[in-house]
Amino acid sequence: MSSRIDRALVAGTALRLLNEVGLEGLTVRRIAKELNVQAPALYWHFKNKQELLDAVATEMFRRMAGSIAAAPRDTWQEYLAVNARGLRGFLLGYRDGAKVFGGTRFTDIDSYAAPVEQMMRVLVDAGFTPDAAARAWFTVNTYTMGYVMEEQSVFPDPATGERDPAYALDGRARRLEDYPLVDQAGHTFFGDMEKGFDEGLRAVVAGIEATLLRP
């Protein structure tokens, strides 16, 4: 096994390959080929693909840490919203980015603990209990990841930014003439997705204020 291969190098290579091959094609064999080693050399560091994805997600979060630190803190609402928009933008930069990032666990305490502590501190200082602050962040993050997952179904390739023909909006009214509300819903869901994200985010933040922030 080459001494130059370590977990950080493998995770970084996997992240670089993601736009080329997508999540389905991101196999240990494909990464090993890119590194010019045999697949067993990578299994020394990762028992399976899930462990590899955990490391990739950790690397993604590490690369986002700077924007989290720089987010404005004039109000907790703004802080939540800016970080959610930043997460969305970052995930959209990678093919299947939301699928890779969601459902994983961070593997390096030094990479995630300080940014998460800072995120929690902003809400606790604003009057949230620690439990409510954690619930608020979890809610915003899962909304963002779920939205981006849908968005990346509509626009699967970040390199081209082209809409998948399956989500074409032209002709919906004709096909759904008996279901006008369904037709409208499709335009709302899959039309201007940036506008839709912001509208949903405002609803989420308002709901957090109404239900989680103690009087």
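As the structure is a prediction and not an experimental result, all values here were calculated from the model.

S.K.: Could you clarify how one ought to interpret the nonpolar core in this entry?
M.R.: For soluble globular proteins, the rule of thumb is that nonpolar side chains tend to be buried together. In this structure, Ile31, Leu42, Met60, Leu91 and Phe101 are the most contacted members of the largest nonpolar core, which totals 63 residues. At 10 residues, helix α8 (residues 130-154) tops the list of elements feeding residues into this core. Those residues in contact with Leu42 that sit more than four places away from it in its chain are Ile5, Val10, Val28, Ile31, Ala32, Leu35 and Val37.

S.K.: In this structure, what is going on with the environment of Ala173? I would like to understand it.
M.R.: Mapped onto the fold, Ala173 is located in helix α9 (residues 172-175). Overall, the relative accessible area of 46% leaves Ala173 in the partly exposed class. C-alpha separation for the pair Ala173 and Asp183, spaced 10 residues apart in sequence, amounts to 6.0 Å.

S.K.: How should the packing of helix α5 (residues 76-92) against helix α7 (residues 109-125) be read in this particular structure?
M.R.: How two helices pack is summed up by the angle between their axes together with the distance between the axes. Closest axis-to-axis distance for the α5/α7 pair is 9 Å, and the angle between their directions is 150°. Between α5 and α7, the angle is such that the two are roughly antiparallel. Remark: the crossing between α5 and α7 carries left-handed chirality. Contacts from Trp76, Tyr79 and Leu80 in α5 reach Gln118, Met119, Val122 and Leu123 in α7. Its residues placed into classes, the contact of α5 with α7 shows 6 nonpolar, 1 polar and no charged.

S.K.: What should I look at first to understand the packing of aromatic side chains in this one?
M.R.: The relation between two aromatic rings is expressed through the spacing of the ring centres and the mutual angle of the planes. Scanning the model with the defined rule gives 11 aromatic pairs in all. When the centroid spacing of 5.0 Å and the interplanar angle of 65° are considered together, the rings of Tyr167 and Phe190 count as edge-to-face. Within this pair, whereas Tyr167 is found in the loop between α8 and α9, its partner Phe190 is found in helix α10 (residues 180-190), the two being separated by 23 residues in sequence. Classification of Tyr167 as partly exposed rests on a relative accessible area of 24%. Judged by relative accessible area, which is 18%, Phe190 ranks as buried. By way of ring pairs, the aromatic residues Phe61, Phe101, Phe106 and Tyr112 are connected into one cluster.

S.K.: Explain the UniProt feature "DNA-binding region" (unreviewed entry) in the protein chain here, please?
M.R.: Under the present numbering, the feature "DNA-binding region" (unreviewed entry) in UniProt falls on residues 27-46. In residues 27-46, the share of helix is 65% and the share of strand is 0%. The end C-alpha atoms are 12 Å apart.

What counts, and at which threshold
Residues numbered from 1 in each chain as written. Predicted model: local features only at pLDDT ≥ 70, side-chain atom pairs only at ≥ 80, totals over all residues. Heavy atoms only, no water. Core = buried A, V, L, I, M, F, W, Y, C linked by side-chain atoms within 4.5 Å. Buried < 20%, exposed > 50% of the residue type's maximum accessible area, 1.4 Å probe, protein only. Helix = DSSP H or I, 4+ residues; strand = E, 2+ residues; numbered from the N terminus. Contact = heavy atoms within 4.5 Å. Axes fitted to C-alpha atoms, helices over the stretch in contact; angles between N-to-C directions. Parallel < 35°, antiparallel > 145°, perpendicular 65-115°, else oblique. Left-handed = near helix turned anticlockwise from the far one by under 90°. Nonpolar A, V, L, I, M, F, W, Y, C, P; charged D, E, K, R; others polar. Phe/Tyr/Trp six-rings, centres within 6.5 Å; stacked < 30°, edge-to-face > 60°. UniProt positions renumbered as here; feature names shortened; annotations may be inferred.

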